[in-house]
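Fold and contact review
In case you want the letters, here they are:
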Amino acid sequence: MVNSEYVLRPATADDHDRFVSLFATSMMFESTPTDLDRELFEPERALLAVDGDKLVGTAKAMSRDLSVPGAVVPAAHVTAVGVRATHRRRGILSSLMSRQLREVPEALAVLWASEPGIYGRFGYAPAAWGVSYEVDLRKVGPHPVHRGADRIEELPVEDAPAQLAPMLRELQTKRPGVSGRSEQAWRKRLQDEPESRGGKTARLILVHRDQAGSLDGYALWRGKLSWGSGGPANEVTVEELVALHPTAYHALWHHLLTLDLAAKLEFGHAALDEPLQQFVSNPVALNRRLTESLWVRLTDVRRALTQRRYASPVDVVVEVSDDLIDDNNGRFHLTGDTEHATCERTESTPDLSLSVGELSATYLGGRSLAEFAATGRVSEHTPGALPVTTAAFQWPAVPASIEIF
Ligand SMILES: CC(C)(COP(=O)(O)OP(=O)(O)OC[C@H]1O[C@@H](n2cnc3c(N)ncnc32)[C@H](O)[C@@H]1OP(=O)(O)O)[C@@H](O)C(=O)NCCC(=O)NCCS
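None of these values were measured; they are calculated from a predicted model.

**Structural notes on the overall build of the protein chain**
Across its full length, the protein chain holds 10 helices and 21 strands. Taking 2.2 N^0.38 as the reference for a compact globule, 405 residues should give roughly 22 Å; the C-alpha atoms of the protein chain span a radius of gyration of 23 Å, in line with that estimate. The principal-axis extent of the C-alpha atoms belonging to the protein chain is close to 65 × 55 × 40 Å. Residue pairs at least 24 apart in sequence account for 72% of intrachain contacts in the protein chain once pairs closer than 6 positions are excluded.

**Observations regarding the UniProt feature "domain: N-acetyltransferase" (unreviewed entry) in the protein chain**
When the UniProt feature table is mapped onto this chain, "domain: N-acetyltransferase" (unreviewed entry) is found at residues 6-158. Summarising residues 6-158: 20% helix, 37% strand, and an end-to-end C-alpha distance of 44 Å.

**A few points about the packing of aromatic side chains**
For any pair of aromatic rings, the description consists of the separation of the ring centres together with the inter-plane angle of the planes. Within this structure, the stated rule accounts for eight aromatic pairs. With centroids separated by 5.4 Å and ring planes inclined at 70°, the aromatic side chains of Trp253 and Phe267 adopt a geometry described as edge-to-face. In this pair, Trp253 is assigned in helix α6 (residues 246-257) and Phe267 in strand β14 (residues 262-270), connecting sequence segments 14 residues apart. Each member of the pair, Trp253 as well as Phe267, carries the same accessibility label: buried. What links up through ring pairs into an aromatic cluster is the set Tyr133, Trp253 and Phe267. The ring of Trp186 carries the charged tip of Arg181 above its face, separated from the ring centre by 4.5 Å. Directly above the ring of Phe393 sits Arg308, whose terminal nitrogen or CZ lies 5.0 Å from the centroid.

**Some details on the nonpolar core**
Ranked by size, the top nonpolar core spans 43 residues in total, and within it Leu108, Leu298, Leu305 and Tyr363 carry the most contacts. Shared between two domains, this core takes at least three residues from each, and those domains are domain 1 (3-106) and domain 3 (295-393). Leave out the neighbours within four places in its chain, and Leu305 touches Tyr310, Leu334, Ala341, Cys343, Leu359, Tyr363 and Phe393. With 25 residues, the next largest nonpolar core counts Trp221, Val238, Tyr249 and Trp253 among its residues.

**Points about the site of the ligand**
Around the ligand, the surrounding shell holds 19 residues, and the nearest of these are Val81, Arg89, Gly91, Ser114 and Glu115. In the environment of the ligand, an oxygen atom lies 2.8 Å from a nitrogen or oxygen atom belonging to the backbone of Val83. One of the side-chain nitrogen or oxygen atoms of Arg88 is found 3.4 Å away from an oxygen atom of the ligand. Look at the ligand: alone it shows 910 Å² of surface, and the protein chains cover 74% of it. Every element with two or more residues in the shell around the ligand is listed here: α1 (16-27), β4 (71-83) and α3 (92-103). Here the shell around the ligand is composed, by residue class, of eight nonpolar, six polar and five charged.

**Observations regarding unusual backbone geometry**
Phi at Ala80 is positive, roughly 55°, even though this residue is not glycine. Within the fold, Ala80 resides in strand β4. Of note, the phi angle at Arg89 is positive, near 60°, even though the residue is not glycine. Look at Arg89 and you get exposed, because its relative accessible area is 79%.

**Focus on the pattern of salt bridges**
Enumeration according to the criterion identifies 30 salt bridges in this entry. Its salt-bridge partner being Lys139, residue Asp136 comes within 3.8 Å of it at the nearest N-O pair. Using a relative accessible area of 24% as the deciding quantity, one classes Asp136 as partly exposed. For Arg151, the salt bridge identified is with Glu153, shortest N-O distance 3.0 Å. Residue Arg151 is classed as partly exposed on the basis of its relative accessible area of 41%. Each of Arg64, Arg181, Arg189, Glu240 and Glu403 takes part in one network of salt bridges that share partners.

Here is what the cut-offs are and how they apply
- Residues numbered from 1 in each chain as written.
- Predicted model: local features only at pLDDT ≥ 70, side-chain atom pairs only at ≥ 80, totals over all residues.
- Heavy atoms only, no water.
- Helix = DSSP H or I, 4+ residues; strand = E, 2+ residues; numbered from the N terminus.
- Rg over C-alpha atoms; globule rule 2.2 N^0.38 Å.
- Contact = heavy atoms within 4.5 Å.
- UniProt positions renumbered as here; feature names shortened; annotations may be inferred.
- Phe/Tyr/Trp six-rings, centres within 6.5 Å; stacked < 30°, edge-to-face > 60°.
- Buried < 20%, exposed > 50% of the residue type's maximum accessible area, 1.4 Å probe, protein only.
- Lys NZ or Arg CZ within 6 Å of the ring centre and 35° of its normal.
- Core = buried A, V, L, I, M, F, W, Y, C linked by side-chain atoms within 4.5 Å.
- Domains from an automatic or database assignment.
- Near = heavy atom within 4 Å.
- Polar contact = N/O pair within 3.5 Å; in protein donor to acceptor, adjacent residues only side chain to side chain.
- Areas by Shrake-Rupley, 256 points an atom, 1.4 Å probe, with all protein chains shown as cover.
- Nonpolar A, V, L, I, M, F, W, Y, C, P; charged D, E, K, R; others polar.
- Salt bridge = Lys/Arg side-chain N within 4 Å of Asp/Glu carboxyl O.

See the structure below:
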């Protein structure tokens, strides 16, 4: 089979519903597009593969920002990647990815992968790990909270976008890997169609108010009735939890870990450095599991390296190879620290060489260049350049993505 069977073209607004339908079918879920979905669709950022009058492949990018070490920058949020089952393994995904990556205006693209084997060949790399919990609430033993004048409240959904948005923005200044949300994106996040609840309750929105009455944390969660032979065994699903101060963090988690009738709590988006184990007497009962989280792909190496900050001073020449984006090939002189960064093309002798995949993996500061040097994927030409650059690229707050998009 050859590529000439299909053509690629950007979508138009009229393509929205069949675009969504093909992607949903490729992932095997039911989808009924809403007006909000149509509002959020950026047709010029959506690519279609078409065979005659049949849609056979989709990929789109959403314009959102992302926190990276020391900054919040625009990042193409890639999603809705799907190929019709009758047209797979003929190179349609490869054509979609190559074109999309060459055309994105942002210096980096990010995505969540359905399977780990798909995106590495296009220069994407996992740049953040996540941790999921399946907490045994009968055994975990949450530490008591010492209540002052702070309190936990429920927030009506109509107030949520305006009240929660400032907290998410503040989280972005503290932790890399967090995607920003426009007002529309907040409304999408909080959409709660009964048919998508899977037997769980409507979403509840908790907020924490500090002693002065300001909001400094929130949690989105649902419950599910379950009755075992031993009595009540309800299940709690925490969808998102943002806490800007330790008191808010402890109070929100204490509330969720001590709900009456509940036996199990699931949370899929903990950070690798999540401190919850410090607030319980039996951390083993959190049942933690490592998961893959955000994948990153630098589409403009020079600009991307200038946009982030570095944990310690760095002055290094890196030689980069990229099979897909020609402009990323070559040597770059990078200088930076916690306040500034510059990155320019150079002909100087390289101190380190690596491919765009390793640079993408370490971009958010959660993975180490030394880890890749250990398998020969980063080469050190100037003795000492590797530890200094490794330390500069890492970041004190581990990256974590708090939502699958
Ligand atoms: C994943 C998917 C988009 C791939 O589309 P496709 O058009 O069949 O992919 P291509 O033919 O361009 O494949 C390119 C290469 O990737 C490999 N590949 C494709 N899908 C893969 C997968 N799921 N796991 C591992 N490798 C995969 C192919 O074998 C091929 O390898 P090669 O270059 O060494 O021959 C398609 O299988 C699909 O729609 N899957 C279900 C939905 C899904 O998972 N979407 C991704 C959401 S993040």
